There are 4 protein chains.
Amino acid sequence: MIRAGIIGATGYAGNELVRILLGHKDVEIGWVSSRSYTGQDYAGIYQNFYQIVDLPCRGEELSALAEEVDVIFTATPQGYLASLVSEEILSKVKIVDLSADFRIKDAGRYEEWYGIEHKTPQFLGEAVYGLCEVNREKIKEARLIANPGCYPTCSVLSIAPLLKKGIIDPASIIIDAKSGTSGAGRGAKTDNLFCEVNESVKAYGVAVHRHTPEIEDQLGYIAGKPVMLNFTPHLIPMNRGILVTAYASVARETSDEEIRAAYEECYDNEQFVRVLKDGICPQTRWVEGSNYVDVNVKLDKRTGRVIMMGALDNLVKGAAGQAVQNMNLLFGLSEAEGLRQPPMFP
Amino acid sequence: MIRAGIIGATGYAGNELVRILLGHKDVEIGWVSSRSYTGQDYAGIYQNFYQIVDLPCRGEELSALAEEVDVIFTATPQGYLASLVSEEILSKVKIVDLSADFRIKDAGRYEEWYGIEHKTPQFLGEAVYGLCEVNREKIKEARLIANPGCYPTCSVLSIAPLLKKGIIDPASIIIDAKSGTSGAGRGAKTDNLFCEVNESVKAYGVAVHRHTPEIEDQLGYIAGKPVMLNFTPHLIPMNRGILVTAYASVARETSDEEIRAAYEECYDNEQFVRVLKDGICPQTRWVEGSNYVDVNVKLDKRTGRVIMMGALDNLVKGAAGQAVQNMNLLFGLSEAEGLRQPPMFP
Amino acid sequence: MIRAGIIGATGYAGNELVRILLGHKDVEIGWVSSRSYTGQDYAGIYQNFYQIVDLPCRGEELSALAEEVDVIFTATPQGYLASLVSEEILSKVKIVDLSADFRIKDAGRYEEWYGIEHKTPQFLGEAVYGLCEVNREKIKEARLIANPGCYPTCSVLSIAPLLKKGIIDPASIIIDAKSGTSGAGRGAKTDNLFCEVNESVKAYGVAVHRHTPEIEDQLGYIAGKPVMLNFTPHLIPMNRGILVTAYASVARETSDEEIRAAYEECYDNEQFVRVLKDGICPQTRWVEGSNYVDVNVKLDKRTGRVIMMGALDNLVKGAAGQAVQNMNLLFGLSEAEGLRQPPMFP
Amino acid sequence: MIRAGIIGATGYAGNELVRILLGHKDVEIGWVSSRSYTGQDYAGIYQNFYQIVDLPCRGEELSALAEEVDVIFTATPQGYLASLVSEEILSKVKIVDLSADFRIKDAGRYEEWYGIEHKTPQFLGEAVYGLCEVNREKIKEARLIANPGCYPTCSVLSIAPLLKKGIIDPASIIIDAKSGTSGAGRGAKTDNLFCEVNESVKAYGVAVHRHTPEIEDQLGYIAGKPVMLNFTPHLIPMNRGILVTAYASVARETSDEEIRAAYEECYDNEQFVRVLKDGICPQTRWVEGSNYVDVNVKLDKRTGRVIMMGALDNLVKGAAGQAVQNMNLLFGLSEAEGLRQPPMFP
């Protein structure tokens, strides 16, 4: 039995981690911790776990907690893990970090976009970007996983097949993304009140959203050269789900068949990425509660562009589910263990 | 391996049955059938099952289908099963009926409230009302289960403890219930369009809703005498969930402690009924996606009434989940098999 | 031109007051004030008024503000107005108070339910409860209006006709109410975040909600004797709207015709109360954005109870609209001035 | 008093026309007509107008109806008006057509995108595209107005200022649009049921949506040369509102100041187009229920692209409000008559 601990367990991603781990046959949750609710009963905060989870919220003392478990999930604010991680800790415990601290290899670039000094750049080289479909083998050997952001996961998986094949021009990529409100976290902010979000849609973080460099880096590795793109996230009045609609110009003559083949080649052996049938657009409702990403693509011959689409559940494949997928790889388990729940509808 | 078939698989309850049975270690789905979509690919209708379920929708020929499976779930319109069930069929296959056909023991009463002639009243005596917490032992021996309605499940479980103890006056019961829109089914009706339901709340079926006699019958069995009550359902702009707020006058002097003890006595050994802590009101969000029913009660000494509250997911404990719970009992499996998923939030 | 000021203008009711007054031909808004946003541009907080309203938020100095306008609307927390109002202020300006400070005539009862000392009980006698359909003549002569609560407005108007006629037993009244989330205010609380409210329904304030004594008092005046009842509010995932479903036992033999006649007699001359046709249930969507209250009733002969239903927009007839209706009466204007917008759907 | 008739009055745009015209001081509604509800009481279908509108739904006999009013609004399916309009009718009555029949000047292009033969191409030349901010003077002289589509209104107004100034490359335009569900109409389709739309987001009509040629034509007139672009609409779980996020590459060196100046020059004298302050993104909630369009723009110097954003209420500025704005121009009234309601929030 693998013992797991969760720091930041009272955020939405933390809640989802607990839900998924409860259904994982090889894991038991050793402890949960929370800065805001230290000392309180976890199931009193998240009543879905009433009579199911019997754990108090502990404080966020990483070193102490590291003694007690085999893997720690950090669902913490930016900068938390980077300020505390050490060789000693990593020698005792594997860490799957759901924050952005170790996603961007260049500390300067991290600091520029996040506005925080990176305290432990020495671990940036070692950390593995936990997009399983791309970095599977490296993940298996890692100690520290940078679990990808929700938007980057959806964006990269939607765009990668055509970029890898050189079918699209990397300089032409535009990503227009839509996210449910759980992505904004559980902080008590006026902007996230029901009456402010309901019956509205807006763009935010236009041209400055922090997931931009993460997406650019990952697509850049695939393209084999730096990628610069536009990424615009939107807030949607729903709880869960991310939809990415990405645009790019074709770099050379191509066909529907070639494009479709590129996706199939990429994902035919991936159990969590579903290439939808021709003409079927991804919808977030078909992946809710599951670790699936649905993708599809449309070539617009009129304009010479492709429209690449992807949908996932931001709390599962976009956060907790992918974190567990990473954990499975880290510990040599079946990659899908604990993640086989089909999507729930409606 | 138990082989299961689902008639009416393209309704919301059918979809949920498929989802739950996919996670059940002792069951495989032999076939699904649907009047409206006969011949079509099931996963083409419900894309959540894309690449997960590979079954066509078959027609609704009960006799033929009965040859191929061990248990049939009928998530069909009222009157379907009652018009087709026979001794021959029941000798071959167990049936869990999610319609109302066999819930009301008195055929005349059924016909009065449902406006349909009951074609096979000879099976009314044999059919067992599948409220597991109440009829567990009888269910184990049955061939034909009348799976309870969503509102009756929530209402009966919320009220039973005090009625059983004689603490409330059966003549004073008023049930005000609120349901998510999946309870209205998947039929293409103007009234159920997004823009008609969203940003609105209404009562419907006032004083004539068909779940009234079902609730009255079940509470009558508990009270040991006929019960007549008011039941008012309301449509809520959400997908899933039922909340029952029930009122009754106390029949004799009582106390908070006695009332709480009545609930605990009833449900302490029930794994799917959670008596919430004192002062915590049930909320549908805390049970979504799960087979749990959360209940609680408040004694208002000022008015001499109790307010009894219950929350469940209408598609799980109110339909498909309870159907699987019944199936588990029918086949001697662990009652919770396939139903251990914790609620999903948000 | 009547000059109006609004204290607490940055709450949802304040926003709605501004919207309504902008369409009122006899009123100009002299100032708006807000404790939290003092000094900020009002249209910067509520962008709906961008390029429409050009006012800064002033502080909440009641005495100073009273010099500048003819009428003040106080959309303030409980206790604010009661702690500041004085003979001097009332000699200069009329006040329509949207808080509960002057709704309950008995200061002790106010203090018991609100847990706040009432600082100016000497004005309780003078204040008029601003339910126009009930107290129209008194309102015309008043200086200080206690604008009714949202739930009480809907409850009292739904129940009054039968109570007045002695058709129902006052001791048997149970009110089950459902409210959109704007009723919870704009405070940044976790419980009111989108993801906490969406896809859920719950009761709250069970047996202790502060609108209970207000409803009891008003129904008591109509009944001619004290009324004690149960009132249970519920939070619904929608922005606006209140639906009341009220139950009572008939006190004597009656008929559908007599019951209907009671409603028509009460409301035939009321332009903002619509008695729906027989069999049509009120729905909040049909009154959204308007000052209408839709009511209807159903006699359940089986149980000897009536189900009384009412729907209104909590921010209009339940707050700002009724406040303007009161202002119109105070200043001798047409009662409907500024309030003739039909409901907006969808 | 101008007498108005509405054909297709039982759709959502028809309902909104009635709402707006009820508040218009110079108009009375002569009749409403509806194919589906002929003979029924209009206020029985749309209960928001109960006791406000007292009109039956008449049939759709355009010629007969034309005798009785001064202006007809046709909120009808594609092809209806084009199959019936005639010189005789236009000699008697002005027509504001909310369908697409006369929006595209080239009948062949209409037929290609709409798949319907255009029966009266002889009126295409005369018809004026009713985007008031662009074609104001021509509208004043017209008999037949092609009221713009919801997406085109929002798209064109968002993009026009930079295109007009030659700041952006017309070949690089990509429009990603998001719409509330009322845009899908009131037809009883499974895809538009509450449970199908709620908690989901999807693209639809990718690369083939019928508003594409309309947007291209209008932007082409502004650019002075043909424009070909990508337009992708998305369905959002909300009732009303369209948000456009449009991308284009800058065609030459430019600056934040120049870009902002382009918008201000275009819209400073437009009362229904609000250029938001620098850094403020349009949100549909701030325009709901009003005829406003909120626009803003962001220059991303990193990528050399601009992100142009616009928000409107699809039923007001995107349909009925703009139709009334056109009617005002047609009859020499103040352009804003009946349209001065500020946005309603929340």
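Residues numbered from 1 in each chain as written. Chains lettered and ligands numbered in written order. Predicted model: local features only at pLDDT ≥ 70, side-chain atom pairs only at ≥ 80, totals over all residues. Heavy atoms only, no water.

What follows covers the overall build of chain A. A tally of helices and strands in chain A yields 12 helices and 14 strands. In summary, chain A has a C-alpha radius of gyration of 20 Å against a globular reference of 20 Å for 346 residues, a match within 12%. For the C-alpha atoms alone, the extent of chain A along its principal axes is close to 60 × 45 × 40 Å. The 346 residues of chain A split such that 68% are buried. Residue pairs at least 24 apart in sequence account for 70% of intrachain contacts in chain A once pairs closer than 6 positions are excluded. Element-wise, carbon and sulfur atoms account for 47% of the exposed surface of chain A, whose accessible area totals about 10600 Å². For chain A, the distance from the average site of its 35 positive side-chain charges to the average site of its 45 negative ones is 3 Å. (Helix = DSSP H or I, 4+ residues; strand = E, 2+ residues; numbered from the N terminus. Rg over C-alpha atoms; globule rule 2.2 N^0.38 Å. Buried < 20%, exposed > 50% of the residue type's maximum accessible area, 1.4 Å probe, protein only. Contact = heavy atoms within 4.5 Å. Areas by Shrake-Rupley, 256 points an atom, 1.4 Å probe, with all protein chains shown as cover. Lys, Arg positive; Asp, Glu negative; His and termini not counted. Charge placed at Lys NZ, Arg CZ, Asp CG, Glu CD.)

Let's shift gears to the relation of the copies chain C and chain D. Between the two copies, chain C and chain D, the superposition gives an RMSD of 0.0 Å; the rotation angle is 180 degrees and the shift along the axis is 0.0 Å. Interpreted geometrically, this transformation is the action of a two-fold axis. Comparing contact sets, 100% of the residues at the interface of chain C also lie at the interface in chain D, consistent with an isologous, same-surface contact. (Least-squares fit on C-alpha atoms with pLDDT ≥ 70 in both.)

Turning our attention to the sheet that holds strand β4 (residues 71–74) of chain B. Taken in spatial order, the seven strands of this open sheet run β3-β2-β1-β4-β5-β7-β6 (chain B), and their pairing is parallel. Two strands bound the open sheet, and with one partner strand each, they are β3 (57–58) and β6 (128–129) of chain B. (Pairing = 2+ DSSP bridges.)

Our next topic: the pattern of salt bridges. Considering all chains together, one arrives at 118 salt bridges over all chains under this definition. Salt-bridge contacts for B:Glu216 lead to B:Arg109; the nearest nitrogen and oxygen are separated by 3.0 Å. With B:Glu216 in helix α10 (residues 211–223) and B:Arg109 in helix α6 (residues 107–114), this residue pair connects regions lying 107 residues apart in the sequence. Put simply, C:Asp217 and C:Arg109 hold a salt bridge, and the shortest N to O gap is 3.1 Å. Of the two residues, C:Asp217 sits in helix α10 (residues 211–223) while C:Arg109 sits in helix α6 (residues 107–114), which places them 108 residues apart along the sequence. (Salt bridge = Lys/Arg side-chain N within 4 Å of Asp/Glu carboxyl O.)

Before going further, it helps to examine the interface of chain C and chain D. Counting residues at the interface gives 38 residues for chain C and 38 residues for chain D. Between chain C and chain D, the buried area comes to about 3200 Å², and carbon and sulfur atoms account for 59% of it. When the area that chain C buries against chain D is broken down by residue, the three leading residues are C:Tyr50, C:Met344 and C:Pro346, summing to 21%. Viewed at the interface, chain D and chain C are joined by one salt bridge. A salt bridge links D:Asp41 to C:Lys277; the shortest N-O distance between them is 4.0 Å. Our enumeration of links across chain C and chain D arrives at 16 residue pairs in polar contact (both at pLDDT 80 or more). (Buried area = accessible area lost by both parts, 1.4 Å probe. Polar contact = N/O pair within 3.5 Å; in protein donor to acceptor, adjacent residues only side chain to side chain.)

Turning next to helix α7 (residues 132–140) of chain A. Residues and elements named next belong to chain A. Within the sequence span of α7, burial applies to Cys 132, Glu 133, Asn 135 and Ile 139. Around the axis of α7, the buried residues are gathered within 135 degrees of arc, so they sit on the same side. The outward face of α7, more than 90 degrees from its buried face, is lined by the exposed residues Glu 137 and Lys 138. (Arc of directions from axis to C-beta.)

The transformation that overlays chain D on chain A combines an axial shift of 0.0 Å with a rotation of 180 degrees, and the residual RMSD is 0.0 Å. Counting the interface residues of chain D, we find that 100% of their copies in chain A are interface residues as well, pointing to one common contact surface.

This part covers the interface of chain D and chain A. With 48 residues of chain D at the interface, the matching set in chain A holds 48 residues. Taken together, both faces of the contact between chain D and chain A bury some 4200 Å²; the carbon and sulfur share is 54%. At the junction of chain D and chain A, the tally comes to 32 residue pairs in polar contact (both at pLDDT 80 or more). Breaking the side of chain D that touches chain A down by element, the ones donating at least two residues are β8 (174–179), α9 (194–197), β9 (202–203), α10 (211–223), β10 (230–235), β11 (242–249), β13 (293–300) and β14 (305–312) of chain D. The leading source of residues in the side of chain D that touches chain A is β8(D), at four residues.

Residue and element names in this part refer to chain C. Its place among the elements puts Asn 328 in helix α12 (residues 316–330). Looking at Asn 328, the relative accessible area reads 0%, which means it is buried. Here Ser 334 takes part through its backbone oxygen, which lies 3.4 Å from a polar atom of the side chain of Asn 328. Among residues more than four places away in sequence, those in contact with Asn 328 are His 24, Leu 333, Ser 334, Glu 335, Ala 336, Glu 337 and Leu 339.

Under the definition given, this model contains 16 cavities of 30 Å³ or more. Quantified by volume, the largest cavity comes out at close to 110 Å³. Lining the largest cavity are 14 residues, with A:Glu199, C:Asn239, C:Glu288, D:Glu288 and D:Pro346 sitting closest to its centre. Split by residue class, the lining of the largest cavity holds six nonpolar, three polar and five charged. (1 Å grid on protein atoms, 1.4 Å probe; cavity = no way out; pocket = protein on both sides within 12 Å on 5 of 7 lines; lining within 4 Å. Points joined across faces, edges and corners; volume = space filled by probe spheres on them. Nonpolar A, V, L, I, M, F, W, Y, C, P; charged D, E, K, R; others polar.)

Time to look at the pairing of strand β14 (residues 305–312) of chain A. As a general feature of sheets, a regular strand has side chains that alternate between the two faces. Residue and element names in this part refer to chain A. Counting buried residues in β14 gives eight out of eight residues, a clear majority hidden from the surface. Alternating positions in β14 separate into two faces, Arg 305, Ile 307, Met 309 and Ala 311 on one and Val 306, Met 308, Gly 310 and Leu 312 on the other, with burial throughout. Relative to β14, strand β11 (residues 242–249) is paired through eight bridges, and the arrangement is antiparallel. What sits directly across from Ser 249, in β14, is Arg 305. The hairpin turn running from strand β13 (residues 293–300) into β14, its antiparallel successor, is four residues long, and Gly 304 in that turn takes a positive phi close to 75 degrees.

Next up on the list: the environment of B:Ser155. Residue and element names in this part refer to chain B. For Ser 155, the position within the fold is in helix α8 (residues 150–164). With a relative accessible area of 0%, Ser 155 lands in the buried category. Within the structure, Ser 155 has its side chain in polar contact with the backbone oxygen of Tyr 151 (distance 2.8 Å).

Turning to the domain arrangement of chain A, a few remarks are in order. Residue and element names in this part refer to chain A. Assigned domains within chain A: domain 1 (2–126) and domain 2 (151–313). Its C-alpha centre places domain 1 at a distance of 27 Å from the equivalent point of domain 2. Counting from both sides, the interface comprises 14 residues of domain 1 and, opposite them, 17 residues of domain 2. Between domain 1 and domain 2 lies a buried interface of about 1300 Å² when both sides are counted; carbon and sulfur atoms form 47% of it. Here domain 1 and domain 2 share four salt bridges between them. Joining domain 1 to domain 2, the criterion identifies seven residue pairs in polar contact (both at pLDDT 80 or more). Listed by contribution, the elements that provide at least two residues to the side of domain 1 that touches domain 2 are α1 (12–22) and α6 (107–114). Taken together, the residues that form the side of domain 1 that touches domain 2 break down as seven nonpolar, two polar and five charged. (Domains from an automatic or database assignment.)

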